[in-house]
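Notes for the structure review
In case you want the letters, here they are:
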Amino acid sequence: FKDDPQFPFSPDFETVKNNIFYKVGSPAYHFLKNSKGCSGGYNLLYNSGGLPDTTDIEADPMFVDYNNLDFHLLSNSAACSSGESENYIGAFPCK
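Residues numbered from 1 in each chain as written. Predicted model: local features only at pLDDT ≥ 70, side-chain atom pairs only at ≥ 80, totals over all residues. Heavy atoms only, no water.

**Looking at the overall build of the protein chain**
Counting its secondary structure elements, the protein chain contains one helix and seven strands. The N-to-C order of helical and strand elements in the protein chain reads β-β-α-β-β-β-β-β. Look at the contacts in the protein chain between residues 6 or more apart in sequence, and 34% of them connect residues 24 or more apart. Working note: accessible area of the protein chain is about 5600 Å², and carbon and sulfur atoms make up 49% of it. (Helix = DSSP H or I, 4+ residues; strand = E, 2+ residues; numbered from the N terminus. Contact = heavy atoms within 4.5 Å. Areas by Shrake-Rupley, 256 points an atom, 1.4 Å probe, with all protein chains shown as cover.)

Now the structure itself:
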């Protein structure tokens, strides 16, 4: 994936944790699983085709209002307590 324009960074030294991959399909899974030197975990993948790490989860992130770009998480989202140190996963906290 190093020369793939879809991933414009070097996977040789990246850490990918506490992220939500929403409807991106299998490229996210294969990137996280097969990149040498890339560490990660505590990610939520939705419609991804698999889980690259035992700390990752496959679930609907349950955004407050995806269609209106409110990416906060509903309080019953699996991402609310599945991040590293039991924190939320993603950029916005749970409501």
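**Brief notes about the confidence of the model for the protein chain**
Of the residues in the protein chain, 71% reach a pLDDT of 70 or more, and the chain-wide mean stands at 78. No element of the protein chain has a lower mean pLDDT than helix H1 (residues 26-34), which averages 64, and none a higher one than strand E6 (residues 63-65), which averages 94. (pLDDT = per-residue confidence, 0-100.)

**Here we look at the environment of Ile57**
Along the chain, Ile57 falls in strand E5 (residues 57-58). Considered as a pair, Ile57 and Tyr42 are 15 residues apart in the sequence and their alpha carbons are 7.4 Å apart. Beyond its immediate chain neighbours, meaning those up to four positions away, Ile57 contacts Asn43, Leu44, Leu45, Leu51, Ala78, Ser82 and Ile89.

**Overview of the nonpolar core**
Listed in full, the nine residues of the largest apolar core are Tyr22, Leu44, Tyr46, Ala59, Phe63, Leu73, Ala79, Cys80 and Ile89. Other than its neighbours up to four places away in sequence, Ala79 contacts Leu44, Leu73, Asn87, Tyr88 and Ile89. (Core = buried A, V, L, I, M, F, W, Y, C linked by side-chain atoms within 4.5 Å. Buried < 20%, exposed > 50% of the residue type's maximum accessible area, 1.4 Å probe, protein only.)

**Considering the side chain of Asn43**
Along the chain, the position of Asn43 falls in the loop between strand E3 (39-41) and strand E4 (44-46). Among the polar contacts made by the side chain of Asn43, one reaches the main-chain amide nitrogen of Asn18 at a distance of 3.3 Å. (Polar contact = N/O pair within 3.5 Å; in protein donor to acceptor, adjacent residues only side chain to side chain.)

**A look at the pattern of salt bridges**
Under the criterion given, the structure shown has two salt bridges. The shortest N-O distance in the salt bridge between Glu84 and Lys17 comes to 3.2 Å. Of this pair, Glu84 sits in the segment after strand E7 (70-73) while Lys17 sits in strand E1 (residues 15-17), and the two are 67 residues apart along the sequence. What makes Glu84 partly exposed here is its relative accessible area of 30%. (Salt bridge = Lys/Arg side-chain N within 4 Å of Asp/Glu carboxyl O.)

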